[in-house]
Amino acid sequence: MTTKKHYWNEYQKEIADDKYFYERSCIRQTFFPGSETAFLRMIKEELGKDILDVENQHTCTGIGFYTDIVPLETTMTIVARLLSLMTEAGYENYVPSCVTSFGVFSEIVDLWEHQPSMLAKARKILYDTTGRTFELPKNIAHPSDIIYKFREELKEKMRYRLVNRFTGKPLRVVEHIGCHYAKIFPNKGVGKAEFPHVLAGMIESWGGEVVDYPERRHCCGFGFRQYVVRANRGYSVANTKKKFESMQPYEPDFVVANCPGCTMFMDKWQYTIAEMEHKTYDKNGFGIPVLTYEEMAGLLLGYDPWELGLQLHQVQSERLLDKLGIPYNPNEKYKSVSGKILPNPEKPQYLRV
Amino acid sequence: MFKPLEMKEKEKASRSDESPKPREIKRRLKAVKKIRRKKRLEPEEVELPLQVAIIGGGAAGMEAASVLAAHRCPVSLFEARSELAVNVKNKYKIFPDFSDAGQLVQTMVKALDHPLITVHKDTEIVEIIQEPDAYILLDNKGVSHTVPAVLLASGYEPFDAKRKEELGFGIYDGVINSLQLETMLKEHKVVNSLGEEPKRVVFLQCVGSRDEKVGNHYCSKICCVTAVKQAIEVKRQQPDTEVYVFYMDLRLWGQGYEELYRQSQEEYNVHFVRGRISEAASTFDGRIQVKAEDTLLGQPLKMTTDLLVLMIGMEASPGTRKLGKACGLEGPYGFVRSKSVHLEDNLSEQEGFFLAGSCKRPMHIAEAVNDGRSAALEIIKFLRR
Amino acid sequence: MGNLYDLLREDVRFEEALHSCMNCGICTAICPAAEFYDYDPRKIVDTIQRRNEDEIEALLRSETIWYCGQCLSCKTRCPRGNIPAVLIAILRSVSQRMGYFVESEKGLQQFAVSKKVAQTILDIGYCVHPDTMKYEMHTEQGPVWKWYTENIEEIAPRFGANYHGEGPGALRSIRKDTMEEINKIFEATGGKELMRKVETGAKNKTNIRNDEDLFNLVYNRNTSKE
């Protein structure tokens, strides 16, 4: 199977190069807090950029919006409030950590551009309820866009490469792009919607090999209400299962995703499928590790795996760390912040850990 | 690009001038009329001492050239490429009667062997200057040609399927376009990505047409019958291959087209699925997986095929786009705009500037030939007025 | 009073979401919900396009409109520039406002969604938070998640998180004045009203007055054979 590159990796969207206003993601904070810490560290320490993380930020209501329990006008005004935080801090470049949030902001800003009366409404309601005013952002970029933009600069600082040190060959990486990153507005995603380049660019730059497989563009299955309500979760797991069945013959070494929800689902559903169907998608029964792009970049930069938070993943990463040649102390894995050794998590029945 | 009367002296000097100047043209036209009246000649008995320029050596341009020459009007035919009628040459057999495209081209080219026709290959017209009673054409070799009338027949180019990234053209070897299939059929070598006879071939209609995402809302008219024709040809060469055609509508408006469709079903068992394929991906074993909905059943379907053939539409050629814009005649989608589609379809808003063929809209070969012929007659009418 | 089609049209997103549909099926071809449910976005768009009041009302009362996972894959591909997913969002909005959502099992789930997502936003300013993702409600999250949530105060700081803390950082406690503003915005924009409508409608339909009982019912019930 041959793949050739054409328009998509020539298409570059505009990504601001400094002075970022960071918005934290509900899901990323919940499941991958270490990734947000790592991202801030990369931007500030490795790249010397200015990024602001204010305390009085909050959810953009994205999940509420897409579960249709939060009306458009509410979400719109909450978005306006977040922009007012950015404006009052003197920033213009909005960086939402969540891909759903990225989608929400892109949609709302697009709505305001096409329907100025809605923008006027947002201004009015925000002012009437909170006394706040806001400016539209000059640029909206997802953190993965920024890492993509500076992947060469980060590469200079990286101690490791995406290479299997046992075989010398590039690691085979499945890159998964969150649906709301480029499907809503293809022009807002690096490389557009069919062959997004934001993660592929990182992988290629850092020595790895991107794996193409038939269900590459398939949704991970979050489905918002299809996961939030337990009765619907079959939908969610079925989608992820479809992806893993499709990628299995290609024997990827790991999966990386830019959406925190996708990362969480592709990790946790492997556990669920293993327990329900006694099936894993790697050869040894451990599953295929699923990382955030911050974890991928952080590992290559030499950040400690347990500070990054790899121990929070259900599919274990040690075998991947071994392939990368990254040292880790197994004794530190399940310690508390004070160094106390906590009882280990229980072991799944079927998924090997 | 229609420049005002005064040209810069420098530009004048840099061009070699083989043809008469505009004032000379006016004089000669007047002289012709005088001679006619004096000798009581009919218009068609007088040979026009002036060349008409035809831009584009395709079906329309070639037909116009031979008709003009038959009416004793000298013609300069300019073709940007090295060969004439490349769009026709690239075909194998032409619907609905499976005539040989190569022979058709040969016939048309032969008709150009006429003392009054001069063919300029590898010659692109890069600039057109409008003067009263004349047009000055500047070609890519720096030569200028002054003529009383111009026929724009710069044609179309096939849609570049790479722009539909989700269909995998140019990415996966098992995805080809209809032109590549024509070549395979000509060579009797219809093969999949592994070089073997495909067990299954899937055709997808409307690639690059009826699609807001690529900016072409229009229908390209001839892809439906082309797919039916190619489906039959595949089955004739490889009777064991399964053939599917995925369509939204089957537009078989021409004489014999609907019958061809029926024949494809009854004699060749071609399967038709009403659904537009959304994406194509390569499977682990090098086949192509497509996703569509069978809208008549109301259910999504996934199918693996050895070969996916994209029925690409027709777009304005680069020459059509450039010249159409430069002459102020740009129409929708970069095609050129005629004066009126009903009774003045070979005329444009510029007097003495005529249009023929697929530079205006998608057309099939017979239509382009007819259009070239009718444009020639309009030109003759114009010159002998 | 206007009809249902007009009600759909009043939504500010409708104009962009439906231009005209030629029933090509490209949306259904790529739709994950169409793969796993008896669901067909093309048919839904076609129904709205037909403007038949009976059919639209049936749709608003049906399970059908609750299957979409809002992945927006349809938007990327539609050759007429329509967005079935946004039409679904509009249908869901109207269905809740009109009270039709209670006629379907999946529609009634909005009660659970209101409690689990919307209420969480109003209470703590997050859509999702470890505090609202307890293992007992989410056994699919696995034993590592169980371990984490049982020891989160001691573990989270390792990753630089500020769990329940003041000041910036992941999982911080959101300031009272911020929470007040969020609540005010919800009230002023009809956010709270929608929640009230959903909760009242669900309770009236099921005759279950206790929040927890009703939540558990709609959260877990899956009798659809689709």
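Residues numbered from 1 in each chain as written. Chains lettered and ligands numbered in written order. Predicted model: local features only at pLDDT ≥ 70, side-chain atom pairs only at ≥ 80, totals over all residues.

Another aspect to go through is the overall build of chain C. Across its full length, chain C carries 15 helices and 0 strands. When the backbone C-alpha atoms are referred to their principal axes, chain C occupies close to 60 × 35 × 35 Å. For chain C, the proportion of its 226 residues judged to be buried stands at 50%. Residue pairs in contact within chain C that sit at least 24 positions apart in sequence constitute 62% of those at least 6 positions apart. (Helix = DSSP H or I, 4+ residues; strand = E, 2+ residues; numbered from the N terminus. Buried ≥ 20, exposed ≤ 12 C-beta atoms within 10 Å, placed from the backbone. Contact = placed C-beta atoms within 7 Å.)

Turning next to the domain arrangement of chain A. Residues and elements named next belong to chain A. Taken domain by domain, chain A consists of domain 1 (20–143) and domain 2 (160–332). Computed over C-alpha atoms only, the centres of domain 1 and domain 2 are separated by 26 Å. Taken together, the contact pairs 24 residues of domain 1 with 26 residues of domain 2. Those elements giving two or more residues to the side of domain 1 that touches domain 2 turn out to be α1 (26–31), α2 (33–46), α3 (62–66) and α5 (99–114). Across the side of domain 1 that touches domain 2, the residue classes break down as 12 nonpolar, 8 polar and 4 charged. (Domains from an automatic or database assignment. Nonpolar A, V, L, I, M, F, W, Y, C, P; charged D, E, K, R; others polar.)

Another point: the environment of E73 of chain A. Tracing the sequence through the fold places E73 of chain A in helix α4 (residues 72–88). In sequence terms E73 of chain A and C179 of chain A are 106 residues apart; their C-alpha atoms lie 23 Å from each other. Excluding residues within four positions of it along the chain, E73 of chain A makes contact with T189 and G190 of chain C.

On to the interface of chain C and chain B. Listed by partner, the interface residues are 17 residues for chain C and 17 residues for chain B. Contributions of two or more residues to the side of chain C that touches chain B are made by α3 (26–30), α4 (32–36) and α5 (41–50) of chain C. Here the side of chain C that touches chain B takes 4 residues from α3 of chain C, the largest share from any one element. When its residues are assigned to classes, the side of chain C that touches chain B shows 7 nonpolar, 4 polar and 6 charged.

Residue and element names in this part refer to chain B. The parallel open sheet is built from 5 strands, whose spatial order is β6-β3-β2-β10-β21. The sheet is open, and its two edges are formed by β6 (117–120) and β21 (353–355), each paired on a single side. On average, adjacent strands in this sheet sit at an angle of 20° to one another, irrespective of strand direction. Where strand β3 (residues 75–78) and β6 come together, 4 bridges link them in parallel fashion. Within the sheet, the bridge partner assigned to S76 lies in β6 and is T118. In the packing of helix α3 (residues 59–70) onto the sheet, the strands contacted are β2 (52–55), β3, β6 and β10 (150–152), and the crossing angle to β3 comes to about 170°. Across the sheet, helix α10 (residues 365–383) lies against β2, β10 and β21, angled at about 160° from β21, the strand it touches most. (Pairing = 2+ DSSP bridges. Axes fitted to C-alpha atoms, helices over the stretch in contact; angles between N-to-C directions.)

Before going further, it helps to examine the nonpolar core. Counting 232 residues, the largest nonpolar core has F203 and L310 of chain B together with L87 of chain C as the members making the most contacts within it. For this core, the element with the highest residue contribution is α4 of chain A, accounting for 9 residues. When near neighbours in sequence (up to four residues on either side) are disregarded, L87 of chain C contacts A17, L18, I44, V45 and I48 of chain C. In this structure, A59, L84, L355 and A376 of chain B belong to the second largest nonpolar core, which totals 58 residues. (Core = buried A, V, L, I, M, F, W, Y, C linked by C-beta atoms within 7 Å.)

Here the focus is the confidence of the model for chain C. The predicted model of chain C has a mean per-residue pLDDT of 96, with 98% of residues at 70 or higher. Among the prediction metrics, the complex's ipTM stands at 0.97, with pTM recorded as 0.93. (pLDDT = per-residue confidence, 0-100.)

Let's shift gears to unusual backbone geometry. Peptide bonds are, in most cases, trans, and in most cases residues other than glycine have a negative phi. Residue and element names in this part refer to chain B. Cis peptide bonds are those with omega within 30 degrees of zero, and the linkage from F95 to P96 qualifies with -5°. Position of P96 relative to the elements: it lies in the loop between β4 (93–94) and β5 (99–100). One non-glycine residue, N269, adopts positive backbone phi at about 55°.

For the rest of this paragraph, the subject is the pairing of strand β15 (residues 271–274) of chain B. All names here are of chain B. With 4 bridges joining them, strand β14 (residues 242–247) and β15 adopt parallel strand pairing. Each bridged residue has a counterpart across the sheet, and for F246 the counterpart in β15 is V273. Assessed by its sense of winding, the connection that carries the chain from β14 through helix α8 (residues 257–266) to β15 is right-handed. (Right-handed = clockwise from strand over helix to strand, strands pointing away.)

All names here are of chain A. Where α2 contacts helix α14 (residues 293–301), the two axes come as close as 9 Å, and the packing angle between them is 55°. One element, α2, and the other, α14, form an angle in the oblique class. In this structure, the crossing between α2 and α14 has a hand that is left-handed. Contacts from S35, A38, F39, M42 and E46 in α2 reach E294, E295, A297, G298 and L301 in α14. For the contact of α2 with α14, the residue count by class is 5 nonpolar, 2 polar and 3 charged. (Parallel < 35°, antiparallel > 145°, perpendicular 65-115°, else oblique. Left-handed = near helix turned anticlockwise from the far one by under 90°.)

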